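Given next are the chains, with one letter for each unit.
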Amino acid sequence: MSQNITTHTDKKLPLQGAGGADHAALADIFNKDEDRVNWHDETLWWIRAKRDLSVHKIPEWEALRDTASAIKNNVLSNLNSYLQQFEANAQANGIVIHWAADGAEHNAIVHSLIKKHNVTRMVKSKSMLTEELHLNEYLAENGIDVIDSDLGERIVQLAKEPPSHIVLPCIHKKKEEIGELFHQFLGTPAGNADPQFLTETARHHLRETFLSRKVALTGVNFAIAETGEFVVCTNEGNADMGAHLSDIHIASMGIEKIIPERKHLGVFLRLLTRSATGQPITTYSSHFSKPRDGQEMHIIIVDNGRTVQLGREDFRNSLKCIRCGACMNTCPVYRRSGGHSYHNAISGPIGAILAPNLDMEKYADLPFASTLCGSCSNVCPVKIDIHDQLYKWRQVIVQNGYAPTAKKLSMQAMATTLASPFAYHMAGKAGRLVMKYAPFALNNKLNPWYKQRDMPKPPDESFGEWYKKNRKAP
Ligand code: SF4
């Protein structure tokens with residue numbers, strides 16, 4: 001029976017069993033509403049198709065992917081020197097640099113900056129890093145009111161849910177549900193689900209927020225070592241509104257966001273939004289290089305497990321991720337299980353690689369939530385070998401003893417059977433007899449394999465038996 005756990009202070013995800021959240025069990029909850037699953041699947045596939053059309057317009061697409069991957073290889077091999085170069089240049093520009101080893105340090109720095117200026121409210125643009133570090137919940141516990149200014153983020157914030165997708169945070173919600181949330185929290189008429197009307201309402205609501213907040217926090221898409229500036233990409237211009245109207249701009253960045261030179265930026269900007277939504281380029285790619293007169297600008301550079309991942313040879317490539325979401329849009333498992341089933345800030349195939357690095361036991365289920373079809377690796381703009389890494393994580397998880405007991409026992413039984421020709425022969429014979437004379441022993445609800453499949457008709461004999469009978473004399 002499922003129960004609820006609080007993963008953040010006000011965001012609840014269901015938990016199955018005592019061992020921890022489980023992708024399959026959480027996906028079952030999403031799968032109960034078949035219409036929603038079909039719609040979710042088709043919407044994300046439509047975005048994937050838009051991405052394909054957009055990508056095919058660029059003959060040099062594969063060369064761009066190779067270049068981006070090579071730049072990131074260089075970054076990962078020289079991370080310390082690029083970070084130090086970035087720090088020195090940003091400081092010379094008048095930006096204050098902070099370093100945070102983990103979420104607790106990052107959140108404490110943000111809080112101390114807010115406290116120093118004696119305010120209790122902050123506006124925040126979309127930042128998956130702050131989701132990873134549970135910043136909103138931490139600040140709420142400390143009496144700070146945070147408003148997310150990205151429309152999708154604001155919707156899930158009103159619904160007290162975590163985002164279900166890194167680019168499209170409320171892709172799991174239908175417009176009628178959003179109309180109901182706006183009616184409840186923003187006073188729109190009941191039953192009005194007109195997207196244009198709802199967007200207009202959100203715009204008024206957020207403009208009031210921008211005008212009344214002294215502190216704004218943004219994410220960082222790219223930080224340029226050569227110049228000490230950083231770039232934030234949004235489609236709504238909300239990061240710019242928040243940062244330009246605030247007295248204190250705080251930017252939170254993971255250490256992997258560095259690129260060496262400004263000339264490299266064009267490679268990533270061309271890849272990012274085509275991969276994400278099929279747009280040629282993000283609507284706003286804003287460069288922040290120094291605070292305006294009278295403003296304070298702070299950057300918090302965060303590790304939170306990234307250097308551990310850097311040291312895992314098989315998984316270090318995952319740090320090349322530019323968070324475009326293409327691997328989610330194409331993943332047949334993600335599209336039909338929903339982002340919340342990954343019970344982690346970053347969902348989908350790349351989340352299933354990053355999460356076990358943070359907590360192998362808690363996220364041991366995620367690398368198994370994949371068909372290993374390789375579609376994710378095919379679309380990844382920075383050529384991360386995603387499905388190979390998922391396959392490798394499975395081995396690491398089993399070797400570390402985090403596989404579920406049922407899987408461990410069944411694999412041991414399988415290994416014993418396959419290691420002995422006699423045991424294999426007898427097991428095959430027994431299986432064929434059971435399927436023939438007592439099919440209900442397998443075709444029942446206790447067998448998860450049978451739930452969505454028909455068991456095959458058993459053959460009368462095994463291949464070995466047939467071969468013995470029909471083998472021609474030498
Ligand atoms: S792993 Fe690749 S496809 Fe997935 S979000 Fe990151 S960059 Fe995009």
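How each quantity is defined
Residues numbered from 1 in each chain as written. Predicted model: local features only at pLDDT ≥ 70, side-chain atom pairs only at ≥ 80, totals over all residues. Heavy atoms only, no water. Pairing = 2+ DSSP bridges. Helix = DSSP H or I, 4+ residues; strand = E, 2+ residues; numbered from the N terminus. Contact = heavy atoms within 4.5 Å. Axes fitted to C-alpha atoms, helices over the stretch in contact; angles between N-to-C directions. Domains from an automatic or database assignment. Patch = residues over 30% accessible without salt bridge, like charges linked within 9 Å, V, L, I, M, F, W, Y side chains within 5 Å. Areas by Shrake-Rupley, 256 points an atom, 1.4 Å probe, with all protein chains shown as cover. Salt bridge = Lys/Arg side-chain N within 4 Å of Asp/Glu carboxyl O. Buried < 20%, exposed > 50% of the residue type's maximum accessible area, 1.4 Å probe, protein only. pLDDT = per-residue confidence, 0-100. Parallel < 35°, antiparallel > 145°, perpendicular 65-115°, else oblique. Left-handed = near helix turned anticlockwise from the far one by under 90°.

## Thoughts on the sheet that holds strand β7 (residues 222–224)
Here we have four strands laid out as an open sheet, ordered β10-β7-β8-β11, and mixed in their pairing. Among the strands making up the open sheet, the edge pair consists of β10 (258–259) and β11 (284–288). Its contacts with the sheet place helix α12 (residues 265–276) against β7, β8 (229–234), β10 and β11, and it is angled at close to 175° to β7.

## What about the environment of asparagine 192?
By secondary structure assignment, the location of asparagine 192 is in the loop between α9 (175–186) and α10 (195–212). Every residue in contact with asparagine 192, bar those within four places of it in the chain, is listed here: Gly179, Phe197 and Leu198.

## Considering the domain arrangement of the protein
How big an interface is tends to be expressed through the accessible area that disappears when the partners come together. For the protein, the domain assignment lists domain 1 (58–110 + 121–144 + 205–304) and domain 2 (414–470). For domain 1 and domain 2, the distance between their C-alpha centroids amounts to 56 Å.

## Some words on a nonpolar patch on the surface
A grouping of Met414, Leu418 and Tyr424 is seen on the molecular surface, where their side chains present a nonpolar patch of about 350 Å² in accessible area. Structurally, tyrosine 424 is set in helix α20 (residues 421–437). Note on tyrosine 424: relative accessible area 53%, which makes it exposed.

## Structural notes on the confidence of the model for the protein
Predicted confidence across the protein gives a mean pLDDT of 92, with 96% of residues reaching 70 or more. Note on residues 1–19: pLDDT is under 50 here. Beyond four places in sequence and across chains, it has 37 contacts.

## Details of the pairing of strand β4 (residues 121–124)
Where β4 lies against strand β5 (residues 145–148), four bridges are found, and the strand directions are parallel. Directly across from lysine 124, in β5, lies its bridge partner aspartate 148. Where β4 and strand β6 (residues 215–218) come together, three bridges link them in parallel fashion. Within the sheet, the bridge partner assigned to methionine 122 lies in β6 and is valine 215.

## What about the packing of helix α8 (residues 151–158) against α9?
Their axes nearest at 10 Å, the elements α8 and α9 cross at an angle of 70°. Put simply, α8 runs roughly perpendicular to α9. At the point where α8 passes α9, the crossing takes the left-handed sense. Contact with α8, carried on its side by Leu151, Ile155 and Leu158, involves Ile178, Leu181, Phe182 and Phe185 of α9 and no other residues of that element.

## Brief notes about the pattern of salt bridges
Within the structure shown, the criterion is met by 26 salt bridges. One salt bridge connects arginine 262 with glutamate 229, and the closest N-O pair in it is separated by 2.7 Å. Placement of the pair is arginine 262 in the loop between β10 and α12 and glutamate 229 in strand β8, with a sequence separation of 33 residues. You can call arginine 262 partly exposed: its relative accessible area is 45%. With a shortest N-O distance of 4.0 Å, aspartate 460 and lysine 436 are connected by a salt bridge. Of this pair, aspartate 460 sits in the loop between α21 (448–451) and α22 (463–470) while lysine 436 sits in helix α20, placing them 24 residues apart in sequence. The class for aspartate 460 is exposed, based on a relative accessible area of 70%. Bridged by salt links that share partners, the residues Glu62, Arg65, Asp66 and Lys383 form one connected network.

## Focus: the sheet that holds β5
The pairing of strands in a sheet comes from backbone hydrogen bonds and takes either a parallel or an antiparallel form. Reading across the sheet, the six strands line up as β3-β12-β9-β6-β4-β5 and stay open at both edges, with parallel pairing between neighbours. Edge strands, defined here as strands with exactly one partner in the open sheet, are β3 (96–100) and β5. The average angle at which neighbouring strand axes cross in this sheet is 25°, direction not considered. Strand direction decides the pairing type here: β3 and strand β12 (residues 296–302), joined by five bridges, are parallel. Looking across to β12, one finds that tryptophan 99 is bridged to isoleucine 301. This element, helix α4 (residues 79–92), spans β3, β9 (248–254) and β12 of the sheet and lies at about 150° to β3. Strands β3, β4, β6, β9 and β12 of the sheet are contacted by helix α5 (residues 103–116), whose axis makes an angle of about 145° with β3.

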